[in-house]
Amino acid sequence: MMSSVRQWWIVLLALLLAGTGRAEDLVIPGSGNPEYVLDQLAKAFNARQAQHRVVIPPSTGTAGALRDVGEGISSVGRVGRLLKDEERRQGFVHISLGRDPVVIVGGAGVTVRSLSAAQLVDIYSGRITNWRELGGKAAPIRAVGRENSDASRQAIAKVIKPLQDITFGPGVKTVNLDPQLIALLDRYPSSLGMLNRSALSACTTRVVHLALDGVDPTPENLEKGSYLAWVELGLIHKQNGVTPAARAFLDFIRSPDGQRIVRQHGILPPRTAG
C-alpha cells in the first residue's frame, strides 16, 4: 500500500514539474505602430531561450489589443498611444516602450524632400494632386489617409491643426491598418502617407522620409524638441494578468540587450510615465 502511494506521489510530482516547465506561446495582438520593433524583440527573445515563444501577429489596431486583453484572450497587447482615463479605470495598465517620430513618407519615386504644413493640408484636401506642383517629378500624388482615431494621424494633427477635421479629397484612399499603408507605399512609387519611423522598416521598397516645414523627422530632432510629431509605443495588460511568459518577455525588453534593440530602431525613452 505504501509503495503504491509513494509511486502515485512520484507520478503527481513529475506531472507538476512538467507543467511548470511547459513552454508557453505569448501572442501579442494590437497596433501596427510597435509591430516591427516588437517582432525584432520577439525574434531575439525566442532565440535566447526555449521555454516560451512570443508571437507578433498582423495588426488589429489598438482597439484589437484592448478587446483581446479585456476579454482575457491575450495577457498582453500592443498599442500606439497612451491609455485614456476611461481605459485606465477599466483596469488596463500601460508599459511604455518609448517615443517614435511620426514621418510624412513618400514612395520610392518621390523626388520632393520637404513639405510645408500648408502643402500637406492642400494634398489631403485635394487641392494639390501632382508632385510637379511641389517642384518634384511629375506623377499623381497617391495620398493615403487614416481615420481620425489613428495614432499617427493624431500625432501629426497635434502639430497641423487643420488635419484634425479635414475632409479628404476624392483621390485620397483611406486605410484602417498600418500594414495596408505599408503595402500601398511599396506598390505605388508616387504614394504619400504618415506612419511612425520604426514601423516603416517593414517596407520592402525604398521610401522617402520628408522633412516637415524644413525639419527632418529624426530621433535627434525629436529629442531636441524641434520635431514635434511622435507616438508613444507601448504594451498593455490587466492588473494581475501577466503570465510567466509575458513577465519573461517584459524582463527581456527592459534588459540591456532589449533596450539596445529598441534604441537601434530610433525609439527614444518615454517622456511620460507609463
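Residues numbered from 1 in each chain as written. Predicted model: local features only at pLDDT ≥ 70, side-chain atom pairs only at ≥ 80, totals over all residues. Heavy atoms only, no water.

### Details of the overall build of the protein chain
When its secondary structure is counted, the protein chain shows 10 helices and 10 strands. When its C-alpha atoms are laid out on the principal axes, the protein chain stretches across 90 × 35 × 35 Å. Once local pairs closer than 6 in sequence are excluded, the contacts in the protein chain between residues at least 24 apart make up 74%. About 13400 Å² of surface is accessible on the protein chain, with carbon and sulfur atoms providing 54% of the total. Across the protein chain, the centroid of the 32 positively charged side chains sits 2 Å from that of the 24 negatively charged ones. (Helix = DSSP H or I, 4+ residues; strand = E, 2+ residues; numbered from the N terminus. Contact = heavy atoms within 4.5 Å. Areas by Shrake-Rupley, 256 points an atom, 1.4 Å probe, with all protein chains shown as cover. Lys, Arg positive; Asp, Glu negative; His and termini not counted. Charge placed at Lys NZ, Arg CZ, Asp CG, Glu CD.)

### What to know about the pattern of salt bridges
In this structure the tally under the stated criterion is 11 salt bridges. Between Arg-53 and Asp-25 there is a salt bridge, with the nearest N and O atoms lying 2.9 Å from each other. Taken together, the residues Arg-53 in strand E2 (residues 52-55) and Asp-25 in strand E1 (residues 24-27) connect sequence positions 28 residues apart. Note on Arg-53: relative accessible area 43%, which makes it partly exposed. Owing to a relative accessible area of 45%, Asp-25 belongs among the partly exposed residues under this scheme. Among the ionic pairs, Asp-257 bridges to Arg-48, the shortest N-O distance being 3.6 Å. (Salt bridge = Lys/Arg side-chain N within 4 Å of Asp/Glu carboxyl O. Buried < 20%, exposed > 50% of the residue type's maximum accessible area, 1.4 Å probe, protein only.)

### Focus: the packing of helix H2 (residues 35-48) against helix H10 (residues 256-264)
The interhelical angle for the contact between H2 and H10, taken along N-to-C directions, is 150 degrees, at an axis separation of 10 Å. Taken as axis vectors, H2 and H10 run roughly antiparallel relative to one another. In terms of crossing hand, the pair formed by H2 and H10 is right-handed. Counting all contacts with H2, which are made through Val-37, Gln-40, Leu-41, Ala-44 and Arg-48, the residues of H10 involved are Asp-257, Gly-258, Ile-261 and Val-262. (Axes fitted to C-alpha atoms, helices over the stretch in contact; angles between N-to-C directions. Parallel < 35°, antiparallel > 145°, perpendicular 65-115°, else oblique. Left-handed = near helix turned anticlockwise from the far one by under 90°.)

### Thoughts on the side chain of Ser-152
Inspection of the secondary structure assignment puts Ser-152 in helix H6 (residues 151-159). A polar contact of 3.2 Å, which involves the side chain of Ser-152, links it to the side chain of Asn-33. Apart from residues no more than four positions distant in its own chain, Ser-152 is found in contact with Asn-33, Val-102, Met-194, Leu-195, Asn-196 and Val-231. (Polar contact = N/O pair within 3.5 Å; in protein donor to acceptor, adjacent residues only side chain to side chain.)

### A word on the nonpolar core
Ranked by size, the top nonpolar core spans 56 residues in total, and within it Leu-115, Trp-131, Ile-156, Leu-192 and Phe-249 carry the most contacts. When we break this core down by domain, the ones giving at least three residues each are domain 1 (24-98 + 231-263) and domain 2 (99-222). With near-sequence residues (within four places) excluded, Phe-249 lies in contact with Leu-26, Ile-28, Leu-38, Leu-41, Ala-42, Phe-45 and Val-54. Core analysis: the second largest hydrophobic core is formed by 13 residues, Val-144, Val-175, Cys-203 and Val-207 among them. (Core = buried A, V, L, I, M, F, W, Y, C linked by side-chain atoms within 4.5 Å. Domains from an automatic or database assignment.)

### A look at the domain arrangement of the protein chain
For the protein chain, the assigned domains are domain 1 (24-98 + 231-263) and domain 2 (99-222). Between domain 1 and domain 2, the residue contacts involve 12 residues of the former and 15 residues of the latter. With both sides pooled, the region where domain 1 packs onto domain 2 buries about 1000 Å², and carbon together with sulfur makes up 59% of that total. On the domain 1 side of the contact with domain 2, Asn-33, Tyr-36 and Val-231 bury the most area, a combined 54% of that side's loss. Broken down by element, the residue count for the side of domain 1 that touches domain 2 peaks at 3 residues, all from strand E10 (residues 230-238). (Buried area = accessible area lost by both parts, 1.4 Å probe.)

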